[in-house]
Amino acid sequence: MQNDVQLAIEGQKECFIQEIALNGQETWIQPMSMSEQFGRATQRIDFGKELQDNNEVEVKKEVEASPTKAEPKENPWDEVRKSIFEALTEVRVLHDVLAVLNHNTNPAPPANPQQQPGQPPQKILQLASISGPASSSTEQLRASSVAAKKKSFLLASKVIKEGAERLERNEKQPDFHQELQYLRQHYRLRRKGEKILGDLSFRTAGSSYPALGEFEVIRDADCSRENCPLKIRLPHELQNMAWLSIKLVRCDINDSLKVDLSKVTKEETVSTYHHVISTKYKQKGYLEELRQAQHSLFTRELFSQLCREVSCYRPIVPIYMIGDHISTQIFPDTKLIIELCRKPFKAGDEMPFDRSSERRWFCLEQHLTKLLREHHAASKSCPAPHPTIATMGMTKKQRIAATKPYNLPRIERMRKTVPMIHKIIEAAKHAELLRRVEEELDSIAKEIAEPNIHIHWPIIQNPVHTSIKVHFSVAGYEMCTKQFGMHSMLLNVGINGCTAIQRDGNIVELGTDTAEMRRVIEGELLSLQVACLAGLVRIIDWTVLSSSKGCLLLAPPSSSQSITGRVSVRTENRKIRVYIEEKTTNSTPSSDLLLDPKWKVLTDNEWREVDWEKLAGANFVGKMDLMLSCLCKAVTDKVHNNP
Amino acid sequence: MNSGKMGAAGLDQEIGYNPILTATVKNEQGVRDVGTLSEYSLQGSVKDEFVEDVKNRLRGLCDNVECEPFIDHEISYSLQSSSGNAVTMRVSRSLAQSKMPWQLKYVGALETGKNKSCLMRNQVTVGCSENVTSFLTELGFRADTEFLSKGYLYRKGRIKVVLSKLCKMKEPGQHQEQNLLPLTKSHLVEVSVTTLTGGEDPGPDLKHFAEMLKPQVKLTKVDHREIQSHTRPNF
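The text that follows walks through the structure, step by step, so that each part is easy to find. As the structure is a computational prediction, the values presented were derived from the model and not from experiment.

## Some remarks on the pairing of strand 6 (residues 230-233) of chain A
Residues and elements named next belong to chain A.
Phase 1 of the analysis: Of the two faces of strand 6, only one is covered, namely that formed by Leu230 and Ile232; the face formed by Lys231 and Arg233 stays uncovered.
Phase 2 of the analysis: Both strand 5 (residues 214-219) and strand 6 contribute to a ladder of four bridges, which runs antiparallel. Its bridge partner lying in strand 6, Glu216 is registered against Arg233.

What follows is the structure, encoded as structure tokens:
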């Protein structure tokens, strides 16, 4: 048949090449002939063992052996024969299917005149909807072709999907080496014999804390935790979580003298105004463990450094160190407590302490951490000696001091380092003082509505110094104060007290008690109001005869008529009092000594007080505004006798 | 002089975070005193071709600070005393940082001892101004040898590692690059610790460090008298 296809079959070349000669000729190792194979198989038979076994085993072995020995000759080609037969069957089936599809009742379409002559007429199988007369059979053909296409697409997509799923599964399969590589990006690892050790101490950052900071990486074949083949073994001390807690508590003046601890009342923690945003970013299990361990190590180093300093540094106010607890009284009624807290670490723990009940000064804790990091950096960054035979470990200033005419105290000062405990006590004092100042300013601002108080806090703060600017103004009359300079006060909060610098240059030293500051502010407010009035009166054409801080003497304008004389404003006993001069009749007898009529000004007048609070107006200056403008015309009934 | 005058709060003893031991101790009177310092060292040499390997190894071993390149000019002076003994002083100045004070160093004799793992000698190093050369000349010292040493300085805790190439100047006073002539075809590696005499022996630390450098450099305690007495071939 012309449709027969010749198949060429070649067996696999199983010969190994022994040698390739220089002219390209290959020498093959001939495969073993049947006899050689048989000989080899017989050599494997252990006659001694076979005799000892029982019959069942012999039978089994024979049965197993027989199928392999059954067809020694056809064996190499039987497989090939089988696959060729299968292929032939498949092709025959396909041919039949195609023939069925091709068979249509309609006559074959006429030969295409455009066809090249000489080509055999082609039976074009219309599987796709190409040009052709629309007929039900073609529609059927189309429908069946669409179904066939759909099926083939489904098959193809299934294959692709399976492949992708397999790839995905492979991705999630935890690979120990990949995890190890990831861990190496975070910590230094080294191989010691069979073990892999890692270092989580701060030695490379400049620390010389002797505690062990080594962990061991273990391969966990069972992936017991979180499907991860890597496990970390930490040294015993680092398995606990450790953190520092700094608190400021209220206490009695004689707190340190208390011997009987059972009578200690519950400590009231002074509230803080800082909150730490907890990190939502969670790392992989073992990284989280290592991070906690590293943090614990750092905290323990910090605390041990503080303890060492406490035992050596003996200030006037004693610092007590009991176990994990360092405490000292920073103010007569406030105590600073630094504590090292521990808790066994469990993976997945959010925070080891109850946020609502324990109030800590996080800003001070961060300050301590920063101090230790600075120490580390300083010990690492000592400048190298130039020339090299010079001593190591000196700062540049100390080296240059060799040729400078310094005296010993000055050189000693170069060497002196301020211990961390000293710095943190200062920072704690400042923080507590700042908190008190803030509280006081807030309460003043709430109580006193008039005049207005604006308080400006700095954005960038120093741990031991803050400057606050306090502005005062009278609502509605702000432009009046500007003429005499804006009323403001600079409050410098330091460690042991504050300094208030007023606009006129006065410097007032305040202590730690905020009542003094309150007094100063109240005084400022009074003088502000009077100064504001002084600014106002210029606008309404009254003359300022004399003024000093808090006192004012005004004369009525010459252009308009005024019944009364001058107006005097004074601050007495933290209150403003207004007096109006009244022209009285000559009730007082004239004296013999003072004959000049000009002296009558002194004696002929009577000052009457005005209860200015009863006047209409939003604030003092407004009321005064009203009063002064009224005084230029006829006297109103608002002025009354004051007994 | 009293430590009580310093600081408002009566410090007994200053505690500082200073892992590198400084040469001051406090005795009972509260006066700071300077004890004698001694230098413990080990020396070795490495051929020029292998210097990069040594540098890489040191970078890994030493502290996490960049290595410091230096150029030092050293002159040694000696004074022949009447008894026949010669006293030698070394003057060294930095050409890389010329504003730094010059250093004057005296080294004592080598302390012998079979059980010592490294060389130990007493030494006194002080900073001084630039006229130290004329000062020594006035005292009667005569300039003995002069060389330039260029290289890198590494440190690990209190251990100082100096990797240097010794050169000589073609003409005295000319220390530019083109006027230098190397004395050897190798670099000198010196590992040293300077501490108080009688304090803790840093020998084991140095020995441990030398072990870690062993594949590249063999650091040993070299007996200088042997070198001085024998004539050795130039490398």
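## Things to note about the pairing of strand 5 (residues 86-94) of chain B
Residue and element names in this part refer to chain B.
Phase 1 of the analysis: Inspection of the sheet shows strand 4 (residues 68-80) paired to strand 5 by nine bridges, in the antiparallel sense. Bridge assignment links Glu74 to a residue of strand 5, and that residue is Ser92.
Phase 2 of the analysis: Here strand 4 folds back onto strand 5, and the loop between the two strands holds five residues, one of which, Gly84, carries a positive phi near 100°.
Phase 3 of the analysis: Sheet topology places strand 5 next to strand 6 (residues 102-110); three bridges connect them, and they run antiparallel. Bridge pairing links Val91 to Leu104 in strand 6.

## Structural notes on the layout of surface pockets
Phase 1 of the analysis: Its boundaries defined by the atoms lining it, the second largest pocket holds a volume of some 1,500 Å³.
Phase 2 of the analysis: If you go around the second largest pocket, you meet 42 residues; those closest to its centre are Arg203 of chain A together with Leu61, Cys62, Asp63 and Lys156 of chain B.
Phase 3 of the analysis: Here the residues of the lining of the second largest pocket are counted per class, giving 16 nonpolar, 12 polar and 14 charged.

## Overview of the sheet that holds strand 16 (residues 507-510) of chain A
Residues and elements named next belong to chain A.
Phase 1 of the analysis: Ordered in space as 12-13-14-15-16, the five strands form an open sheet in which the pairing is antiparallel. Each edge of the open sheet is held by one strand with a lone partner, namely strand 12 (452-456) and strand 16. Averaged over neighbouring strand pairs, the angle between their axes works out to 20° when direction is ignored.
Phase 2 of the analysis: Of the strand pairs in this sheet, strand 15 (residues 498-502) and strand 16 are connected by four bridges, and their pairing is antiparallel. Counted as the bridge partner of Thr499 is Glu509 from strand 16.
Phase 3 of the analysis: Sitting on the sheet, helix 11 (residues 420-447) is in contact with strand 12, strand 13 (466-473), strand 14 (488-493) and strand 15, with an inclination near 155° to strand 14.

## A few points about helix 6 (residues 176-184) of chain A
Residue and element names in this part refer to chain A.
Phase 1 of the analysis: The set of residues buried in helix 6 consists of Phe176, Glu179, Leu180 and Leu183. The arc that holds every buried residue of helix 6, seen down its axis, measures 100°, which confines them to one face. Every exposed residue of helix 6 that faces more than 90 degrees away from the buried side is listed here: Gln178 and Gln181.
Phase 2 of the analysis: Tucked into the core, helix 6 has its buried residues touching strand 3 (188-192), strand 4 (195-199), strand 5, strand 6 and helix 7 (285-312).

## As for the environment of Phe16 of chain A
Residues and elements named next belong to chain A.
Phase 1 of the analysis: Tracing the backbone shows Phe16 in strand 1 (residues 16-20).
Phase 2 of the analysis: Between the C-alpha atom of Phe16 and that of Glu26, which follows or precedes it by 10 residues, the distance is 9.9 Å.
Phase 3 of the analysis: Residues within four places of Phe16 in sequence aside, it is in contact with Thr27, Trp28 and Ile29.

Basis of the calculations
- Residues numbered from 1 in each chain as written.
- Chains lettered and ligands numbered in written order.
- Predicted model: local features only at pLDDT ≥ 70, side-chain atom pairs only at ≥ 80, totals over all residues.
- Heavy atoms only, no water.
- Buried < 20%, exposed > 50% of the residue type's maximum accessible area, 1.4 Å probe, protein only.
- Helix = DSSP H or I, 4+ residues; strand = E, 2+ residues; numbered from the N terminus.
- Pairing = 2+ DSSP bridges.
- 1 Å grid on protein atoms, 1.4 Å probe; cavity = no way out; pocket = protein on both sides within 12 Å on 5 of 7 lines; lining within 4 Å.
- Points joined across faces, edges and corners; volume = space filled by probe spheres on them.
- Nonpolar A, V, L, I, M, F, W, Y, C, P; charged D, E, K, R; others polar.
- Axes fitted to C-alpha atoms, helices over the stretch in contact; angles between N-to-C directions.
- Contact = heavy atoms within 4.5 Å.
- Arc of directions from axis to C-beta.

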